[in-house]
Amino acid sequence: MKVVICGAGQVGYGIAEKLAAEQNDVSVIDTSPQLVHAIRDTLDVRGFIGHGAHPDILAQAGVDQADMFIAVTLYDEINMVACQVAHSLFNVPIKVARVRAQSYLQSHYRNLFSRDNMPIDVIISPEIEVGEMILRRLSLPGAMETVRFADDNMIIVGIDCSADCPVLDTPLRQLTELFPDLSSVVVGIARDGKVFVPHSSDMMREGDLAYVCCARGQVRRTLGIFGHEEPEAKRVLIAGGGNIGAYVARRLEGKQSRTKVKIIEHSRDRAIRIADELRRTVVLHGSALDQVMLQEADVEDSDMMVALTNEDEVNILSCVMAKKMGCMRNLSLLNNTSYPAFAHALGIDAFVNPRQVTISKILQHVRRGRIRAVHALQNGAAEVIEAEALDTSPLVGRPLREVELAEGIRIGGILRDGEVITPRGDERIQAHDRVVIFAVADKVRQVEQMFRVSLEFF
């Protein structure tokens, strides 16, 4: 696949890195010579210095032969115009744009991005994607990560295996025997910086992060089996009243939940603005690093501290301070990809990486075959893929015990006629089933081939 990316910042670099590693033909455009030189020097991609909305620059980057154009600069308007130019002048089949301003995304303006107006095929709003992920974490505070698949019927849950985890040193096959009616499958384990698909004889160790595919109704029970029975957060303190913080508070208010929300916002003007917009949320003007301010916000009585400022260091320190002052749990927004490796050691219970969320959304449209959803894990070390089974797929019609899946691939669940089916050895996948699969990075192509329409792959 030939892909042209407009924007060589963190997100653009991350997308280019992922696609280039999979042997795609990637070109990147940016106005910054430093960013373009850096991406040329470190990745197997072509870099072009210039404005991504200018036709001559797009032509130099080969957009006329591109299968996909991705615009992820810092400016919504540049992303939108670049996609329009890619469509009108070069007829690129798929256009993807990052649009952050919520005013463009209001429901009564939905026709703006139609083919007759501004033809953008995929709109990505990091604020909404990250906000929704945070809301899921608030409802399941015992989970390190939660991602929904198959119309929310299946959920991948990342669970921290702490020292008091009841199922440590228990072979996975024994878990199946102990809980035969549990619709949950351990599909992957992150251990010592590596991600792998476990065998039935493998055991979880202290410090592991287990990825479990669960039927929606079995998530809380699964967390309880792993020793995480934390109740839903009802008193939430948010550091940072930016787009994401305001979105989370607005959604909590809209759900008519009993959750009490307080926001600490450093900018006085922004604090006044969101205080006028929100009805039940208490907005405080001050610094989340000020202990007096945290005390005024009743941090010691809070169930969850959610740090969503633009500064990773502020997010980490405010989370650590909140927990030291009595807050039960914390969740931090982390943009720097090097921070998650030691966040847990600092006392961060869970974190969200906006770049990873955005890249996952784009991969959903890059993947070939009947791929419905994709989520990248552990900085791209593995992916969870939801795909529709075809008549020609080698998975269809055979008992799963007879299907020779490559090492590093595990089926987590099957959705058929609205029912979640646990993938036991005698189960047979049928055409049009929706299958959720965990795959380490170098096996993703094999998963794609299983769900390709063309017969040439089989």
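- An unreviewed UniProt entry lists the protein chain under the name Trk system potassium uptake protein TrkA, from Pseudovibrio axinellae.

**Looking at the overall build of the protein chain**
(1) Moving on: Along its length, the protein chain carries 14 helices and 22 strands.
(2) Moving on: In terms of overall dimensions, the protein chain is globule-like: its C-alpha atoms have a radius of gyration of 23 Å, near the 23 Å expected for 458 residues.
(3) Moving on: Here the C-alpha coordinates of the protein chain stretch approximately 60 × 60 × 45 Å along the principal axes.
(4) Moving on: By residue count, 56% of the 458 residues in the protein chain fall in the buried class.

**Examining the nonpolar core**
(1) Moving on: Formed by 49 residues in total, the largest nonpolar core has its most connected members in Ile134, Leu138, Val306 and Phe438.
(2) Moving on: The biggest single contributor to this core is helix 8 (residues 243-254), with six residues.
(3) Moving on: In contact with phenylalanine 438, not counting residues within four places along its chain, are Val187, Gly188, Val195, Val197, Tyr211, Leu377, Ala382, Glu383, Val384, Gly408, Ile409 and Arg410.

**A word on the sheet that holds strand 9 (residues 184-191)**
(1) Moving on: The strand order across the open sheet built from five strands is 7-8-11-9-10, with neighbouring strands paired in antiparallel fashion. Pairing within the sheet leaves two strands with one partner each, and these edge strands are strand 7 (145-149) and strand 10 (194-196). Here the average twist between neighbouring strands, direction ignored, is 20°.
(2) Moving on: Two elements, strand 9 and strand 11 (residues 209-215), share six bridges in a ladder whose sense is antiparallel. When the sheet's bridge partners are listed, isoleucine 189 is paired in strand 11 with alanine 210.

**Structural notes on the pattern of salt bridges**
(1) Moving on: Enumeration over the complete set of coordinates arrives at 20 salt bridges.
(2) Moving on: Linking aspartate 349 and lysine 323 is a salt bridge whose minimum nitrogen-to-oxygen distance equals 2.5 Å. One end of the pair, aspartate 349, is in the loop between helix 12 (340-346) and strand 17 (350-352); the other, lysine 323, is in helix 11 (residues 312-324), with 26 residues separating them in the sequence.
(3) Moving on: Judged by relative accessible area, which is 10%, aspartate 349 ranks as buried.
(4) Moving on: Take lysine 323: its relative accessible area is 32%, and that puts it in the partly exposed class.
(5) Moving on: Residue aspartate 433 is joined to arginine 416 by a salt bridge in which the shortest nitrogen-to-oxygen separation is 2.7 Å. Taken together, the positions of aspartate 433 in the loop between strand 21 (419-421) and strand 22 (434-440) and arginine 416 in strand 20 (residues 409-416) put the pair 17 residues apart, joining distant regions of the chain. Accessibility classification places aspartate 433 together with arginine 416 in one group, the buried group.
(6) Moving on: Within this structure, Asp151, Glu386 and Arg434 form a network of salt bridges that share partners.

**Focus: the sheet that holds strand 18 (residues 371-377)**
(1) Moving on: Taken in spatial order, the five strands make up an open sheet running 18-19-22-20-21, and their pairing is antiparallel. In this open sheet, the two strands that pair with only one neighbour each are strand 18 and strand 21. Strand after strand, the sheet turns through a mean of 20° between neighbouring axes, direction not considered.
(2) Moving on: For strand 18 and strand 19 (residues 382-388), the ladder comprises six bridges, and the chain directions are antiparallel. The residue of strand 19 that forms the bridge with leucine 377 is alanine 382.
(3) Moving on: Its contacts with the sheet put helix 13 (residues 354-366) on strand 18 and strand 19, and the angle it makes with strand 18 is roughly 150°.

The rules behind these values
- Residues numbered from 1 in each chain as written.
- Predicted model: local features only at pLDDT ≥ 70, side-chain atom pairs only at ≥ 80, totals over all residues.
- Heavy atoms only, no water.
- Helix = DSSP H or I, 4+ residues; strand = E, 2+ residues; numbered from the N terminus.
- Rg over C-alpha atoms; globule rule 2.2 N^0.38 Å.
- Buried < 20%, exposed > 50% of the residue type's maximum accessible area, 1.4 Å probe, protein only.
- Core = buried A, V, L, I, M, F, W, Y, C linked by side-chain atoms within 4.5 Å.
- Contact = heavy atoms within 4.5 Å.
- Pairing = 2+ DSSP bridges.
- Axes fitted to C-alpha atoms, helices over the stretch in contact; angles between N-to-C directions.
- Salt bridge = Lys/Arg side-chain N within 4 Å of Asp/Glu carboxyl O.

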